Amino acid sequence: MRMTYDAIVIGSGIGGLTTAGLLARAADKRVLVLERHTEPGGLTHTFRRDGASWDVGVHYIGQLDPGSQIRTYFDYLSDGELEWNRMPEVYDRFVYPGIDLRASSGPERYERTLIKEFPAEAAAIRRYFKDVRRATSWATLEFVQGMVPRPITPVLRFVQRMTGRTATGTTKAYLDAHFRSPELKAVLASQWGDYGLPPSRSAFAVHATIVSHYLEGGWFPKGGSARIARTFEKGIEQAGGAVRVAQEVTEILLDDGGAATGVRVMDHRGAAVRERVYQAPVVISAVGAFNTFNRLLPTSGRIGRLTGPTRRTLANLGTGASAVTVFLRLRDDPRSIDIDGGNIWVNQDLDHERSQEHSASLLEGRPHDVFVSFPSLKSGESPHTAEIISFCDAKAFRQWAQQPKGRRDPEYSALKERIARGMLELADSAAPGLSDLVDYMEVSTPLTYEHYTAHPAGAFYGPPATPLRYRSAPLGPRTAIPGLLLSGQDAGSAGIMGAMMGGVAAASQVLGPRGYATIASALKEAPAIPDSGGARRLPEGKHHAVLTSKRLLTSSVWEVVLHVEGQIGRWAPGQFARLHVGYDAWRDYSIAGLEDNRLRLLISTRTGGRGSQFIEHAGTGTRTVVELPLGEFGLADSGRRRLFIATGTGIAPMLAMFAQAPGLEHDTLLFGCRDRSEDLVSRICSPMPGRVLRCLSREETPDTFHGRVTDALPGLTGSFGLDPRSTEVYLCGSAAMVADTRSVLERAGYDSVFTEPY
């Protein structure tokens, strides 16, 4: 299948969406955005567990006061629908042994704070803020080069060469040359985690840019960072384009003259993977220069020769840092332990440099430093959450790289547990009481970042922002391949705003010599959005839907049926549907059944979130939008005996499996709930496995097991004759249950476990 667009953008991070949004809104271009993950947004997306959400890449954004240039871009691309919460006055807190310094909004105030703490360094501190401004202005020329016509670029490069001595030195060299106090130098370098390089490796230009970015304080998207992609997406769709997820781009297509003409894609949306080809006169890659030139284009022949200089530059720059992140669901409001929503940087000592030693100690559960963030306080969402991040060397996790995500061996799980406990302990030293609030914990490693972002070694900041990067030729947005541009961080700079400016630069180049002028003019006006004349036409994979019935199965679980309009592609039992629940929010629900365009879902309202509120208040005839089918959870065709384990609405995907699973009479289901009032198995009309064991944790009744599903597992081998080595396990339910049950199964020797946290 071949489809043609005005432009194709590979990757739906902030850079790619900025490019697509500007082309759609400012120039009415029909743009296709292709995302490998099932969720749009790149590192601006959120993920959810049991109603709680975490923002994986956005922790705060600066320079967003109303009327600012950056705010103007966000307002324009979201049509004013993206709202912002201002962070507390103290947006960053730096904690070292004997030091607890708070960075306050406003450069003058922060400068006074530093001088008060380090009066002997007053003159150097004042000069530091002046040099930060100068280096930031110098670095801004990098962005400008990508936005102006090509003939002007050499002039800007000449200016940079004449004025960039300080900017292209290292951060450590600057600090050592201007300050005597080791404590002050450590404090000033504290934010290096915002660009991913310690002072000895980072260019002072990137350090200055980040420091400047936050001097007026921090902001956070109201409702969470997922709203960035969802509000930008509207303008793209209204111009006839689309943001398509589960699309793995495998090749950038070229014509006989070597110009980009489209992409080849593996479409993972339906029951089976299929190849598709999309065509456009211009292709914009927002998945990083390395992936673009080493994976999506030939590295030999004529094209290889053209891209050789860029590939050599990338090789010389090396790979940036990655991190381990601990995601915490909290049982109470963190304001109860005097947390106000500001970030906390915690360090064991003043040394930011010994990365190898710090990585080794992290693996042993003794982290040197952590960054602590509280997404729920910043977004205004609940339940309450926290995140703890520590940078590390990705090499320590290479031995598990070839094992499938979610099915890595027990040693990997044990390592993550050890690391997480150490990071939580260090975080607790600066936020006493945090450990006591933890209700659930999940851990990501560099392998997780690599899986979801495709960045080599999980280096989510892209090529490291070393002095060499600033002295080298820019990586983008222009490339040596006609019709191919780069967007995102590699065309701009590290971080959300650097990636957005890379997106602006790419859009400017697509629109020609007056491209940036066209965009600047459009920003001054309300974006021209076509009048849909009623229900707008949706891109492929999204459907208008009408609620036809809902039935309360338990006190908090609804069985919902929607009529889905249009032709639905082939789906597989185990996949999920994405339901629009208002306020640009979408929620994922496993497909319990789908026949004759009747979509059946089981939806819990226990969390009280936006999805819960939507279902509770929606009546028959309510219209919404669904996206489906999505996901890769499904039955394996192995012929082995099957053990299904579910709690609550985690049984939903299994209902679809039961309807199609051959030999179901030989299979076993463990279903867990608190008491008979929550027993969905007895309330749902559906085929069931030959053996069903209900596990009631808070009630003793005949013909049931009293306890949790994890308590029942040890007895299955004897009573049901299950052999761990010849049994497939399908596991779905709350994230905590899935984690606990998986641990028990691993210890029992089950080596084929398919999971889906709910």
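Up top is the structure these notes are about.
Peer 1: I'd like a rundown of the overall build of the chain, residues and numbers included.
Peer 2: Tallying secondary structure elements over the chain gives 24 helices and 32 strands in all. Its C-alpha atoms give the chain a radius of gyration of 26 Å, within 12% of the compact-globule value 27 Å for 758 residues. Buried positions account for 61% of the 758 residues belonging to the chain. Sequence-distant contacts, at least 24 apart, represent 71% of the contacts inside the chain between residues at least 6 apart. Here the chain displays about 29,700 Å² of accessible surface, and carbon together with sulfur accounts for 49% of that area. The centroid of the 86 positive side-chain charges in the chain is displaced by 5 Å from the centroid of its 83 negative side-chain charges.

Peer 1: Can you tell me about the packing of helix α2 (residues 69-77) against helix α19 (residues 515-523), naming the residues and giving the values?
Peer 2: Each pair of packed helices can be described by the angle between their axes along with the distance between the axes. Taken N-terminus to C-terminus, the directions of α2 and α19 make an angle of 80°; their axes are 10 Å apart at the nearest point. As the angle between them shows, α2 and α19 are arranged roughly perpendicular. Contacts from Q69, T72, Y73 and Y76 of α2 reach α19 at Y516, I519, A522 and L523. Of the residues assigned to the contact of α2 with α19, the class counts are six nonpolar, two polar and no charged.

Peer 1: Tell me about the sheet that holds strand β27 (residues 641-647), and name the residues and values.
Peer 2: Read across the sheet, six strands follow the order β30-β29-β28-β27-β31-β32 without closing on themselves; strand pairing throughout is parallel. Unpaired on one side and paired on the other, β30 (705-706) and β32 (753-757) mark the two borders of the sheet. Bridging between β27 and strand β28 (residues 668-673) involves five bridges; their strand directions are parallel. Following the sheet pairing, T647 is matched in β28 by G672. Packed on one face of the sheet, helix α24 (residues 735-748) meets β27, β31 (727-733) and β32 and runs near 160° to β31.

Peer 1: Outline the sheet that holds strand β21 (residues 542-552), listing residues and values.
Peer 2: Within the closed barrel, the six strands sit side by side as β21-β22-β25-β24-β23-β26. Their pairing is antiparallel. Within the sheet, the average angular offset between the axes of one strand and its neighbour, ignoring direction, is 45°. In this structure, strand β23 (residues 576-580) lies alongside strand β24 (residues 586-595), joined through five bridges in antiparallel fashion. Paired with R578 across the two strands is D588, which belongs to β24. Packed on one face of the sheet, helix α9 (residues 226-238) meets β21, β23, β24 and β26 (623-630) and runs near 130° to β21.

Peer 1: How would you summarise helix α6 (residues 171-178) if you had to cite specific residues and measurements?
Peer 2: Those residues of α6 not exposed but buried are T171, Y174 and L175. Projected down its long axis, α6 carries its buried residues within an arc of 95°, all on one side.

Peer 1: Describe helix α3 (residues 107-117), with residues and values.
Peer 2: At 3.6 residues per turn, the α-helix brings residues three or four places apart onto the same side. Where α3 is concerned, the buried positions are P107, Y110, E111, L114 and I115. End-on view of α3: buried residues confined to an arc of 135°, all on one side of the axis. Opposite its buried face, α3 presents the exposed residues E108, R112 and K116, each directed more than 90 degrees away.

Peer 1: If you had to explain the packing of aromatic side chains to someone new, which residues and values would you point to?
Peer 2: Taken as a whole and assessed by the stated rule, the structure comprises 24 aromatic pairs. A ring pair is formed by F644 and Y730, whose centres lie 5.3 Å apart and whose planes are at 25°; its orientation type is stacked. Highlighted residues: F644 in strand β27 and Y730 in strand β31, separated in sequence by 86 residues. Feature note: the residues Y110, Y128, F129, Y174, F179 and F204 constitute an aromatic cluster, connected by ring pairs. A cation over a ring is seen here: R30 above Y5, with NZ or CZ 4.2 Å from the ring centre. We note R71 situated over the ring of W219; from NZ or CZ to the ring centre the distance is 5.6 Å.

Peer 1: Which residues make up the side chain of S212, and what are the values?
Peer 2: Within the element layout of this structure, S212 appears in helix α8 (residues 204-214). A polar atom in the side chain of S212 sits 2.8 Å from the side chain of T136. When neighbours within four sequence positions are excluded, S212 is seen to be in contact with Q63, V132 and T136.

Peer 1: Give a description of unusual backbone geometry that names residues and reports values.
Peer 2: A cis amide bond links S382 to the next residue, P383, at an omega of 5°. Mapped onto the secondary structure, P383 falls in the loop between α13 (375-379) and β18 (385-392). Between G476 and the following residue, P477, the backbone shows a cis peptide bond with an omega angle of 10°. Along the chain, P477 turns up in the loop between α17 (467-471) and β20 (484-486). Look at A454: it is not a glycine, yet its phi comes out positive at around 70°. Although it is not a glycine, D703 sits at a positive phi angle of roughly 60°. Within the element layout of this structure, D703 appears in the loop between β29 (691-696) and β30. A relative accessible area of 77% places D703 in the exposed class.

Peer 1: Just give me the short version of the packing of α2 against helix α18 (residues 495-510), but keep the residues and values in it.
Peer 2: Running from amino to carboxyl end, α2 crosses α18 at an angle of 65°, the nearest separation of the two axes being 12 Å. The pairing of α2 with α18 is recorded here as roughly perpendicular in orientation. Seen from above, α2 lies across α18 with left-handed handedness. Residues I70, Y73, F74 and L77 of α2 form the contact with α18, whose participating residues are M497, M500, M501 and V504. Taken together, the residues of the contact of α2 with α18 break down into eight nonpolar, no polar and no charged.

Peer 1: How would you summarise the nonpolar core if you had to cite specific residues and measurements?
Peer 2: Membership of the largest hydrophobic core comes to 53 residues, with the highest contact counts inside it found for Y110, L114, Y128 and F179. Only β7 (90-96), β8 (99-104), α3, α4 (122-147), α6, α7 (182-188), α8 and β18 provide two or more residues apiece to this core. Here this core gets nine residues from one element, more than from any other, and that element is α4. Residues I70, V243, V504 and A522 belong to the second largest nonpolar core, which totals 41 residues.

Peer 1: If you had to explain the pattern of salt bridges to someone new, which residues and values would you point to?
Peer 2: Within this structure, the stated rule accounts for 46 salt bridges. Of the charged contacts in the structure, one is a salt bridge between D131 and R134, with a shortest N-O distance of 2.8 Å. On the criterion of helical spacing, the pair formed by D131 and R134 is a turn pair, its members being three residues apart in helix α4. For D131, a relative accessible area of 9% corresponds to the buried category. Since its relative accessible area comes to 54%, R134 is described here as exposed. For R694, the salt bridge identified is with D679, shortest N-O distance 2.7 Å. With a gap of 15 residues between them, R694 in strand β29 and D679 in the loop between β28 and β29 connect regions that are remote in the sequence. Of the residues examined, D679 reaches a relative accessible area of 5% and is grouped as buried. What emerges from the salt-bridge pattern is a single network uniting R244, D267, R274, R276 and E540.

Peer 1: I'd like to hear about empty space enclosed by the protein, residue by residue, with values.
Peer 2: Inspection of every chain in the model, using the stated rule, returns four cavities of 30 Å³ or more. What the largest cavity holds in volume is close to 200 Å³. In terms of lining residues, the largest cavity is bounded by 19 residues, among which E142, R469, Y470, D490 and G492 are the most central. Residue assignment for the lining of the largest cavity shows that the elements contributing at least two residues are α4, α11 (301-317) and α17. Ranked by the residues each element gives to the lining of the largest cavity, the list is headed by α4, at three residues. Of the residues contributing to the lining of the largest cavity, the split by class is 10 nonpolar, six polar and three charged.

Procedures and definitions
Residue indices follow the written sequence of each chain, beginning from 1 at its first position. Only residues with pLDDT of at least 70 get local features here, since the model is predicted, and only at 80 or more are side-chain atom pairs given and counted; chain-wide, interface and lining totals rely on the full set of residues. Note that the side-chain values use all heavy atoms of the structure and ignore hydrogens as well as water. Runs of H or I in DSSP of at least four residues are treated as helices and runs of E of at least two as strands, each being numbered from the N terminus. For this measure, only C-alpha atoms enter the radius of gyration; the expected value for a globule follows 2.2 Å times N^0.38, where N is the number of residues. Think of it in three bands: residues with accessible area under 20% of the maximum for their type are buried, residues over 50% are exposed, and the middle band is partly exposed, with areas taken using a 1.4 Å probe on protein chains only. When checking whether two residues touch, look at their non-hydrogen atoms; a contact exists if any pair is within 4.5 Å. For every accessible area listed, the method is Shrake-Rupley and the probe measures 1.4 Å; residues are considered covered only by the protein chains on display. Counting rule for charge: Lys and Arg are taken as positive, Asp and Glu as negative, and neither His nor the chain ends is counted. Here the site of a charge means atom NZ of a Lys, CZ of an Arg, CG of an Asp or CD of a Glu. Note on geometry: axes are C-alpha line fits, over the in-contact stretch for helices, and angles between N-to-C directions span 0 to 180 degrees. Convention used here: angles under 35 degrees read as roughly parallel, angles over 145 as roughly antiparallel, angles from 65 to 115 as roughly perpendicular, and any remaining angle as oblique. Residue type decides the class: Asp, Glu, Lys and Arg count as charged, Ala, Val, Leu, Ile, Met, Phe, Trp, Tyr, Cys and Pro as nonpolar, and the leftover types, Gly among them, as polar. At least two DSSP bridges between two strands are needed for those strands to be called paired. To be clear, the arc concerns the directions from the helix axis to the C-beta atoms. Stacked, tilted and edge-to-face are the three classes applied to pairs of Phe, Tyr and Trp rings, where Trp contributes its six-membered ring and a pair requires centres within 6.5 Å; stacked means planes under 30 degrees apart, edge-to-face means over 60, and tilted covers the rest. Lysine NZ or arginine CZ positioned within 6 Å of the ring centre and within 35 degrees of the ring normal marks a charge as sitting over the ring. Polar contacts, as counted here, are pairs of nitrogen or oxygen atoms within 3.5 Å of one another; within protein the pair requires one atom able to donate a hydrogen and one able to accept it, and residues that are adjacent in sequence qualify only if both atoms are side-chain atoms. Put simply, a crossing is left-handed when the front helix is turned counterclockwise from the back one by less than a right angle, and right-handed when it is turned clockwise. Remark: nonpolar core denotes a set of buried residues (Ala, Val, Leu, Ile, Met, Phe, Trp, Tyr, Cys) joined through side-chain atoms within 4.5 Å. Any Lys or Arg side-chain nitrogen found within 4 Å of a carboxyl oxygen on Asp or Glu counts as a salt bridge. Whether a set of points on the 1 Å grid over the protein atoms alone is a cavity depends on a 1.4 Å probe fitting there but being unable to get out, while an open set qualifies as a pocket with protein on both sides within 12 Å along at least five of seven lines; lining residues are those with an atom within 4 Å of a point. Grid points are joined across faces, edges and corners, and a volume is the space filled by probe spheres set on the points.

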